[in-house]
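What follows is the residue order along each chain.
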Amino acid sequence: MKWKTLSSQNLFNDKWFKVRKEVCETPQGKIVDPYYVYDFSTWVGALPVTEEGKIIMLKQYRHALGEVCYEIPGGCMDETDKSFEEAVARELLEETGYSFSSYEYLGRISPNPSTNSNLLHMYLAKGGKKIAEQTLDENEEIEVLLLDMNELKQLLRENMIVQAMHVSCIFYALQKLGELDL
């Protein structure tokens with residue numbers, strides 16, 4: 001079922017986003033031209049739980065959607081990150097000011113396997129303790145929320161968390177925490 005790439009041309013190359021146009025051949029010999037691939041950095045995200053059992057969620061404005069969104073902490077791996085866990089720990093500290101005693105890997109998901117080449121690596125972070133203030137990027141304005149489990153579940157029931165990858169991470173974390181009955 002795997003396609004063969006006959007040619008690949010970079011159309012756009014910026015810090016966070018690249019686009020390439022490919023010509024591909026299917027196993028049946030069909031030529032697919034053009035096929036566009038969006039290259040993003042590897043992403044990491046976590047459902048963080050404090051020492052007191054509070055769930056840390058974020059609220060921030062997302063310009064492409066034009067809305068303020070409920071989200072989990074996370075972001076792009078940096079070149080200096082040695083592992084997914086190191087990247088998610090850094091992102092959690094930067095965005096929330098919390099450090100965590102444990103990180104449990106929940107798996108990986110694709111934001112859109114038909115167009116995007118990257119993956120999101122998901123974690124459940126437990127034992128969170130506030131040790132610093134946020135250190136946000138210059139264009140970030142993030143409000144940190146501390147919710148109990150029922151409040152998080154209510155946000156899910158009301159479809160208030162619209163970022164699909166974040167909902168997926170929350171699902172796997174709730175499953176790991178024994179909060180889902182499958």
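Residues numbered from 1 in each chain as written. Predicted model: local features only at pLDDT ≥ 70, side-chain atom pairs only at ≥ 80, totals over all residues. Heavy atoms only, no water.

**Here we look at the side chain of Glu95**
With respect to the helices and strands, Glu95 occurs in helix 1 (residues 84-96). Buried charge without a partner: Glu95 forms no salt bridge, and the closest opposite charge is Arg62, 6.2 Å away. Once you skip the residues sitting within four places of it in the chain, Glu95 turns out to touch Leu58, Pro73, Gly74, Gln134, Leu136, Glu140, Ile142 and Val144. (Helix = DSSP H or I, 4+ residues; strand = E, 2+ residues; numbered from the N terminus. Buried < 20%, exposed > 50% of the residue type's maximum accessible area, 1.4 Å probe, protein only. Lys, Arg positive; Asp, Glu negative; His and termini not counted. Salt bridge = Lys/Arg side-chain N within 4 Å of Asp/Glu carboxyl O. Contact = heavy atoms within 4.5 Å.)

**Here we look at the packing of aromatic side chains**
The geometry of an aromatic ring pair comes down to the distance between the two centres and the angle between the two planes. Taken as a whole, this structure holds 9 aromatic pairs when the rule is applied. A centroid spacing of 5.9 Å and a plane angle of 50 degrees characterise the contact between Phe12 and Phe17, whose relative ring orientation is tilted. When its relative accessible area of 41% is taken as the criterion, Phe12 is described as partly exposed. With 5.9 Å between their ring centres and 40 degrees between their planes, Phe17 and Tyr38 make a pair best called tilted. One end of the pair, Phe17, is in the loop between strand 1 (4-13) and strand 2 (18-25); the other, Tyr38, is in strand 3 (residues 31-39), with 21 residues separating them in the sequence. (Phe/Tyr/Trp six-rings, centres within 6.5 Å; stacked < 30°, edge-to-face > 60°.)

**Focus: helix 1**
Along its 13 residues, helix 1 runs 18 Å from first to last C-alpha, staying within 8% of the 18 Å computed at 1.5 Å per residue. Gly97 sits one or two residues past helix 1 and shows a positive phi near 85 degrees. (Expected span 1.5 Å × (residues − 1).)

**A word on the pattern of salt bridges**
Considering all chains together, one arrives at 10 salt bridges under this definition. Note that Glu22 is salt-bridged to Arg20, the shortest N-O span being 2.4 Å. For the pair shown, Glu22 and Arg20 are each scored as buried. Linking Asp81 and Arg90 is a salt bridge whose minimum nitrogen-to-oxygen distance equals 2.7 Å. When its relative accessible area of 9% is taken as the criterion, Asp81 is described as buried. What emerges from the salt-bridge pattern is a single network uniting Asp78, Asp81, Arg90, Glu91 and Glu94.

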